[in-house]
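So you can see what is in the structure, the chains are spelled out below.
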Amino acid sequence: MRRSPEEIAKMRRAGRVVAEMHERTREAARPGVTTLQLDKVAREVLERRGARSNFLNYHGFPAVICTSPNDMIVHGIPGDYRLKDGDIISIDCGAIVEGYHADAAFTMGIGEVDPEALRLIAVTEDSLAEGIEQMVDGNRLSDIGHAVQSVAEAAGFSVVREYVGHAIGTAMHEEPQVPNYGPPGKGPKLRVGMVFAVEPMVNMGGVGTRVLDDGWSVVTADGSLSSHAEHTIAITDDGPEVLTV
Ligand code: MG
Ligand code: MG
C-alpha cells in the first residue's frame, strides 16, 4: 500500500516516540536491571507522549517492548531476568500515534562484552543499513533482503528465515512480508509512499530457531548469540526516509 504524505507524517511522529523509547531503555539497560524495569521505562515514554502501544495485548503479549537477551532472537517477554555484565540484549519497541504505527529494535552490549558479540551487533546494523539503501522507487522488494543477507553472510553469520520484516501503516504487521534473505530482483516493485519495517535477525551460529514454552520467546536452536536491528522506513521521492529516529 502507498501512503500519503499526511499519513507518513503521522508515522514519523510515531517513529519519534519509538526513537525516544530506544534512547531511554538504552540509558536504563545496565547490569542488575531487570527487563521488566526496561518495560516500565518504555511505558513512561508512551504515556508522556500520549501514544498507544501496539505491542501490549498483541495476541495477548503482556508488555510494551520485547526484550531478548543473548541467544534469544526476538519476542522475549520482559520479566525478572536481570541483565549482567557481558550480555547482549535486543530491545524492540513500537508506538501508535493517531492510528499510525511505528516499530523498531536495536541490540546493545551490557558492560564489558566479547568483541565477537559486538561484531555481530555491528554487522546486523550494517545489514539493515544496506537493506534500507535498496528502498528506492523502481527497485524490487527482494532487493532489500538480498542486501541484508549478503552483508550478514559475508561476515560469517547467518540470517533467520522464520521471522521477517513487514509493511506497516494502520496496523503493525501489514502485507507484504519483507524477508531478510533471497535472490535480488523479485517481488513487487517498490514505489514512493510504501512504508516497511525492515528487521534483520542475525545469528552467530546456525539459522535454526526454537520457541520456548512461554509461547513467545524465540531462541537460536544451537544456543549461539543472536542480534536484531529494525527501523520503520518510508520510500520517498528523495529515497528512503528512516522514520524511527
Ligand atoms: Mg517489526
Ligand atoms: Mg519490532
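One can find the structure itself at the top, above this paragraph.
This is a predicted model, so every value here is computed, not measured.

Draft legend 1. Summary view of the sheet that holds strand S10 (residues 209-211). Across the sheet, which stays open at both edges, the three strands sit in the order S2-S11-S10 with antiparallel pairing between neighbours. Two strands close off the open sheet at either side, each with one partner strand: strand S2 (72-74) and S10. When strand polarity is set aside, the average angle formed by the axes of neighbouring strands in this sheet is 40°. Alignment of S10 against strand S11 (residues 218-220), held across three bridges, turns out to be antiparallel. Opposite Thr209, over in S11, you have Thr220 as the bridge partner.

Draft legend 2. Summary view of the coordination of the magnesium ion (ligand 1). Binding of the magnesium ion (ligand 1) to the protein goes through Asp103 (OD), His166 (NE2), Glu199 (OE) and Glu230 (OE), at separations of 2.0 to 2.2 Å. All donors of the magnesium ion (ligand 1) belong to a single chain; written as a sequence motif, their spacing is D-x62-H-x32-E-x30-E. Separating the magnesium ion (ligand 1) and the magnesium ion (ligand 2) is a distance of 3.2 Å, and Asp103 donates to both of them. With Glu199 in the loop between strand S8 (195-198) and strand S9 (201-203) and Glu230 in the loop between strand S12 (226-228) and strand S13 (231-236), the pair connects residues that are 31 residues apart, well separated along the chain. Relative accessible area serves as the criterion here: at 7%, Glu199 is assigned to the buried category.

What counts and how
- Residues numbered from 1 in each chain as written.
- Chains lettered and ligands numbered in written order.
- Predicted model: local features only at pLDDT ≥ 70, side-chain atom pairs only at ≥ 80, totals over all residues.
- Heavy atoms only, no water.
- Pairing = 2+ DSSP bridges.
- Helix = DSSP H or I, 4+ residues; strand = E, 2+ residues; numbered from the N terminus.
- Axes fitted to C-alpha atoms, helices over the stretch in contact; angles between N-to-C directions.
- Donors = N, O, S within 2.8 Å, 3.2 Å for Na, K, Ca; no water.
- Buried < 20%, exposed > 50% of the residue type's maximum accessible area, 1.4 Å probe, protein only.

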